[in-house]
Structure formats: structure tokens, C-alpha cells
Amino acid sequence: MDRVAAVPLAELLDERRYLLDVACWMLGSTGAAEGVVDETYRRWYGLPDAARGRIEVPRSWLAKTAGGICLGRLTGPGRVDDTDGAAGPADRLRTAERPAATLLVDRARHGVRVARPHPVTAYQHDVLARAVREACAAQDGELLASLLAPDATALFDGGGKVRALAGPVHGCRQVAASLLTLLALRPRTTLTAHSVNGRTGLVARYDHQVAAVISLAVTDQRITRISIVLNPDKLRLWNHPPSSHGAPERPSPRSDGRL
């Protein structure tokens with residue numbers, strides 16, 4: 001698990017909007033601002049976990065970094081900004097993700113060897129998903145942990161575009177704590193049950209915009225994996241579905257949490 005604690009969904013989105021406003025004000029272009037914010041988060045995730053953990057006010061660090069990138073673009077083509085502490089190879093994140101993926105595969109293979117899982121019916125899955133929603137709405141960590149398998153895993157897909165947890169979270173209590181923090185129902189935040197991958201999942205909205213899509217994997221009456229899509233690029237179709245003469249159908253993330 002990333003050493004930096006989970007962040008409430010409202011804070012993640014407000015932070016990204018703030019950075020976009022700063023970059024757009026400095027560069028005068030929405031498209032250029034998107035590129036600056038993406039680069040800002042790449043630098044954030046390029047930092048070692050320990051370095052990120054020492055940053056007391058991440059929003060200030062991100063704003064300073066975004067401003068430095070903007071200045072670099074304004075003062076000369078091709079100039080690389082060296083904002084203090086901001087630079088860091090993005091490959092570190094990809095390298096960290098690969099070992100995490102390998103670990104998950106190894107655990108999955110081990111699970112296949114030691115036990116044959118018992119699938120649940122669509123109704124049973126629906127009951128569990130709605131119980132998760134109620135536990136999150138009530139901020140009831142004990143209830144939520146009881147719905148999870150002891151070795152449950154949560155995967156946060158921020159795509160490097162929001163300050164989500166970079167690595168998987170393991171263990172029912174750790175998963176419950178991170179999910180409750182992310183889905184704290186602050187003003188303008190809602191959480192509803194919704195069809196995801198053909199079974200009941202959860203959709204979190206902030207200011208009426210879809211901000212997270214959550215799919216659940218269930219085995220033996222317990223939730224074994226929670227996949228949370230936070231990447232704004234992957235959520236665009238949820239917020240802007242293709243127009244049609246009939247009622248638009250929301251897209252669903254794949255079982256691995258990707259759209």
C-alpha cells in the first residue's frame with residue numbers, strides 16, 4: 001500500500017480543478033492546462049513513497065510544481081523546469097505497478113491451488129454491493145470490513161491524473177479504511193448502486209459528475225476485490241454518454257477496473 005493515506009474523493013477533484021484553473025490562468029489554454037496538470041501528477045508519482053510522505057501539504061506542492069512547469073513553457077520552447085523536488089522519473093510508477101501486478105497474479109494462482117471458489121448468484125452479489133453502499137454511507141468501518149474477505153484487495157486506478165493511492169491495498173480492515181476515506185459523503189458527494197460489468201457496483205458523483213466507478217468481485221459470500229476507477233479520462237463516457245434517440249446506456253468498467 002502507498003504510504004500516503006487515502007484522500008476523500010471531493011478533495012481529489014477539487015485539487016485537480018484548482019490545478020487546472022492555475023495552469024489555464026497562466027497559459028490561457030485549457031488544452032495546455034490539461035497537459036501541465038498531467039505532468040504535475042507524473043512528477044508527484046515519480047517521487048519515492050518516503051518523499052511523498054514527507055510532503056505535509058500536497059496541494060501546495062502540486063500547485064508550485066504546476067506553476068513551475070507553466071513558467072518553463074512560457075519562458076522558452078523545450079525548456080525543462082527543475083522545480084525543487086518536483087522532478088522524478090515516471091518510470092518509477094510503472095515499475096512499482098509491475099511488481100504489484102505480479103504479486104496479485106501470484107496470489108491469485110496460489111488461491112486457485114489451495115481452494116476452489118464458490119461463485120454467488122446475481123441476487124447475492126446485489127445484496128452485498130448494496131450493503132457496501134450502506135456501510136460507506138454510514139461510515140461504518142466494522143460493518144464494511146465484515147463484508148470483505150480477510151485478504152481482500154482494493155485497486156485504485158487514478159491513471160496518474162489524480163492523487164489516488166498508487167499501489168494496491170490488502171486486508172479487510174485496510175481496504176475498508178481506505179474506501180471509507182475515499183467515499184466520505186461530504187456535501188455535493190453521492191454514492192449509488194449501479195450496474196457495473198453486468199452486476200451491481202457503485203457509482204460516486206461529485207457535483208453531479210461521475211467521479212468514481214467501483215466494481216466488486218465476490219467469492220464465498222465475501223468481497224475479494226474492489227476496483228475503483230478514478231481516472232478522469234476513463235470516466236468521460238460516464239459523464240458524456242453518446243447521444244442516441246433512446247435512453248443512453250452507461251458504459252461499464254471491465255472486471256479489472258479499466259473501462
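Model, not experiment: these values are computed from the prediction.

Remarks on the environment of Leu128
By the element assignment, Leu128 lies in helix H6 (residues 122-138). Of the residues examined, Leu128 reaches a relative accessible area of 9% and is grouped as buried. Along the primary structure Leu128 and Leu148 are separated by 20 residues, whereas in three dimensions their C-alpha atoms are 9.5 Å apart.

Some thoughts on unusual backbone geometry
Residue Gln139 is not a glycine yet carries a positive backbone phi of 50°. The residue Gln139 is located in the loop between H6 and helix H7 (141-146) in this model. Despite not being glycine, His208 shows a phi value in the positive range, around 65°. Checked against the element boundaries, His208 lands in the loop between strand S4 (199-206) and strand S5 (209-219).

Topic: the nonpolar core
Core analysis: the biggest nonpolar cluster contains 61 residues, and Phe156, Ile226, Ile228 and Leu230 have the highest contact counts within it. With seven residues, the top contributor of residues to this core is helix H1 (residues 9-27). Not counting residues up to four positions away in its chain, the partners in contact with Ile228 are Ala154, Leu155, Phe156, Asp157, Leu179, Leu182, Ala212, Val213 and Ile214.

Side note on the packing of H1 against helix H2 (residues 30-46)
Across the interface, H1 lies against H2 with an axial gap of 8 Å and an inter-helix angle of 125°. Taken as axis vectors, H1 and H2 run oblique relative to one another. Here H1 runs over H2; the crossing is right-handed. Two secondary-structure elements touch here, H1 through Glu15, Arg16, Leu19, Leu20, Ala23, Cys24 and Leu27 and H2 through Thr30, Ala32, Ala33, Glu34, Val36, Val37, Asp38 and Tyr41.

Let's talk about the packing of H1 against helix H4 (residues 58-75)
At a minimum axis separation of 10 Å, H1 and H4 run at an interaxial angle of 25°. As summarised for this structure, H1 and H4 are arranged roughly parallel, according to the angle between their axes. Of the two possible hands of crossing, H1 and H4 adopt the one that is right-handed. In this structure, H1 contributes Asp14, Glu15, Tyr18, Leu19, Ala23, Met26 and Leu27 to the contact, and H4 contributes Arg59, Leu62, Ala63, Ala66, Gly67, Cys70, Leu71 and Leu74. Here the contact of H1 with H4 is composed, by residue class, of 11 nonpolar, one polar and three charged.

As for the pairing of strand S1 (residues 148-157)
Burial analysis of S1 places seven of its 10 residues in the buried class, which makes it a mostly covered element. For S1 and strand S6 (residues 222-229), the ladder comprises six bridges, and the chain directions are parallel. Bridged to Thr153 within S6 is Arg225. Where S1 and strand S2 (residues 169-170) come together, two bridges link them in antiparallel fashion. Counted as the bridge partner of Ala154 is Val169 from S2.

Considerations on H1
Three or four residues apart is the spacing at which side chains of an α-helix point the same way, because the helix has 3.6 residues per turn. Helix length check: H1, at 19 residues, gives a terminal C-alpha distance of 27 Å against a target of 27 Å (1.5 Å per residue), a fit within 8%. Considered for burial, the residues of H1 that qualify are Leu9, Ala10, Leu12, Leu13, Glu15, Arg16, Leu19, Leu20, Val22 and Ala23. Buried positions along H1 lie against H2, H4, helix H8 (172-182), strand S3 (189-196), S4 and S5. Once H1 ends, the next one or two residues include Gly28, with phi positive near 70°.

Things to note about the environment of Val196
Note that Val196 resides in strand S3. In this structure, the C-alpha to C-alpha distance between Val196 and Ile214, residues 18 residues apart in sequence, is 7.6 Å.

A word on the pattern of salt bridges
Following the criterion strictly, the structure yields 16 salt bridges and no others. One salt bridge connects Arg17 with Asp207, and the closest N-O pair in it is separated by 3.0 Å. Linking Arg17 in helix H1 with Asp207 in the loop between S4 and S5, this pair joins segments that are 190 residues apart in sequence. On the basis of relative accessible area, Asp207 is assigned to the partly exposed category, the value being 26%. Note that Asp157 and Lys234 form a salt bridge whose closest N and O atoms lie 2.7 Å from each other. Residue Asp157 is located in strand S1, and its partner Lys234 is located in the loop between S6 and helix H9 (236-239); the two are separated by 77 residues in the primary sequence. Overall, the relative accessible area of 23% leaves Lys234 in the partly exposed class. Each of Arg16, Glu34, Asp38, Lys161, Asp233 and Arg236 takes part in a single network of salt bridges with overlapping partners.

Calculation rules
Residues numbered from 1 in each chain as written. Predicted model: local features only at pLDDT ≥ 70, side-chain atom pairs only at ≥ 80, totals over all residues. Heavy atoms only, no water. Helix = DSSP H or I, 4+ residues; strand = E, 2+ residues; numbered from the N terminus. Buried < 20%, exposed > 50% of the residue type's maximum accessible area, 1.4 Å probe, protein only. Core = buried A, V, L, I, M, F, W, Y, C linked by side-chain atoms within 4.5 Å. Contact = heavy atoms within 4.5 Å. Axes fitted to C-alpha atoms, helices over the stretch in contact; angles between N-to-C directions. Parallel < 35°, antiparallel > 145°, perpendicular 65-115°, else oblique. Left-handed = near helix turned anticlockwise from the far one by under 90°. Nonpolar A, V, L, I, M, F, W, Y, C, P; charged D, E, K, R; others polar. Pairing = 2+ DSSP bridges. Expected span 1.5 Å × (residues − 1). Salt bridge = Lys/Arg side-chain N within 4 Å of Asp/Glu carboxyl O.

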